[in-house]
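Structural overview
If you want the building blocks of each chain, they are given just below.
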Amino acid sequence: MNDLANTPGKTPERPPRQRKPDWIRVRAPVSEGYQETRRMMRELNLNTVCEEAACPNIGECWSKKHATVMILGDVCTRACAFCNVKTGMPRAVDPLEPEHTAIAAAKMGLEHIVITSVDRDDLPDGGASQFVKVIEALRRTTPDTTIEILTPDFRGKMRPAVEAICAAGPDVYNHNLETVPRLYPTIRPGARYYASLRLLEEVKSHDPMIFTKSGIMLGLGEQRLEVHQVMDDMRSADVDFMTMGQYLQPTPKHAAVEEFVTPKAFGAYGSIARAKGFLQVASTPLTRSSYHAGEDFAEMKAARAAKFAKQAKRQADTLKI
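Below you will find a few notes about this structure. (Residues numbered from 1 in each chain as written. Predicted model: local features only at pLDDT ≥ 70, side-chain atom pairs only at ≥ 80, totals over all residues. Heavy atoms only, no water.)

What follows covers the pattern of salt bridges. In total, this model carries 16 salt bridges according to the counting rule given. The salt bridge partner of Arg91 is Asp74, with a shortest N-O separation of 3.4 Å. With Arg91 in the loop between β4 (86–87) and α4 (97–108) and Asp74 in the loop between β2 (69–71) and β3 (75–76), this residue pair connects regions lying 17 residues apart in the sequence. Looking at Arg91, the relative accessible area reads 60%, which means it is exposed. With its nearest N and O atoms 3.6 Å apart, the salt bridge here joins Glu202 to Arg159. Remark: Arg159 occurs in helix α6 (residues 158–168) and Glu202 occurs in helix α8 (residues 193–206); sequence separation between them is 43 residues. Three or more residues joined by partner-sharing salt bridges are found here, namely Arg78, Asp119, Asp121, Asp153 and Arg155. (Salt bridge = Lys/Arg side-chain N within 4 Å of Asp/Glu carboxyl O. Helix = DSSP H or I, 4+ residues; strand = E, 2+ residues; numbered from the N terminus. Buried < 20%, exposed > 50% of the residue type's maximum accessible area, 1.4 Å probe, protein only.)

Have a look at this one:
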């Protein structure tokens, strides 16, 4: 049979582009604040998940000089069907990355910073020691900045990695489940759902005062009751903060969007999550792990303080009886 794709004068058909609904569209980044943030990241040789993952909120966040630094390079050792980060053999770890990250936080005047990374299955510790060095550099340079980390699952070396990072003392430990367990074989084939849950449990066992956070994408074909089960699984792991956002297809080669979930449906999911006992919930189409992270951290901290005060009052009332 003739391959029409290779016939002279013929061009291969492209899959039709999915038209985004109005509620998911954002303005192109053009502000001076955006340009300043971009220049600084280039000068310090830092990568950001904002760029690498094609985040739709980059214009808003960078205009306010908020950026999520992605350490351990810009090449991932895995190939998840939803992710736009390059896959391949990564380069050597940059020893200047921790100090450069701290310099960026100081220059931007960040009260709260989010640090994430690519998967580095090629490293003996999965890159945990670089997270520790970044946290330590931030504590030295910007001691008043609260630190949120978003780590991979450290496949095969989870316990020592989590132990080392928790000992460094981040304020928030985030690890995303990404989707419902049924979709893992196609969407997140290099990971295991229950291994990720165990990582979140491990954080709390090392230090119950570290806030834990996890999120999923909606629109990949998940069912409503499956999302509710993920909420229950997170609460059983004592996760404090749940995020839910709309999955957007980075390129035609990635997993297709099965559904654009409406803002009303996101609101309903958020209400159910709050009823299940999370300290903080973010559930909108444009929600991403680090979107408005500083404001959310302040609200979560206040919610826990109120919860502790309520528990103390209840105990005091019981003693009076």
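So much for the structure itself; the text now carries on.
Here the focus is α6. Buried within α6 we find Met158, Ala161, Val162, Ile165 and Cys166. Seen from one end, α6 has its buried residues packed into an arc of 125°, which puts them on one side. Within α6, the exposed residues directed more than 90 degrees away from the buried face are Arg159, Pro160 and Ala167. Packed against the buried residues of α6 are α5 (128–141), β6 (146–150), β7 (172–174) and α8. Immediately downstream of α6, the backbone of Gly169 shows phi near 85°, a positive value. (Arc of directions from axis to C-beta. Contact = heavy atoms within 4.5 Å.)

Next up on the list: the nonpolar core. Counting residues in each nonpolar core, the largest one holds 39 residues, and the members touching the most others are Ile115, Phe131, Leu138, Ile149, Phe154, Ile165 and Tyr173. For this core, the secondary-structure elements that each account for two or more residues are α1 (32–43), β2, α4, β5 (112–117), α5, β6, α6 and α8. Looking at this core element by element, the count peaks at seven residues for α5. Once you skip the residues sitting within four places of it in the chain, Ile115 turns out to touch Val69, Ile71, Thr101, Phe131, Val134, Leu138, Glu148, Ile149 and Leu150. Formed by 33 residues, the second largest nonpolar core is a distinct cluster that contains Cys80, Val180, Ile216 and Leu218. (Core = buried A, V, L, I, M, F, W, Y, C linked by side-chain atoms within 4.5 Å.)

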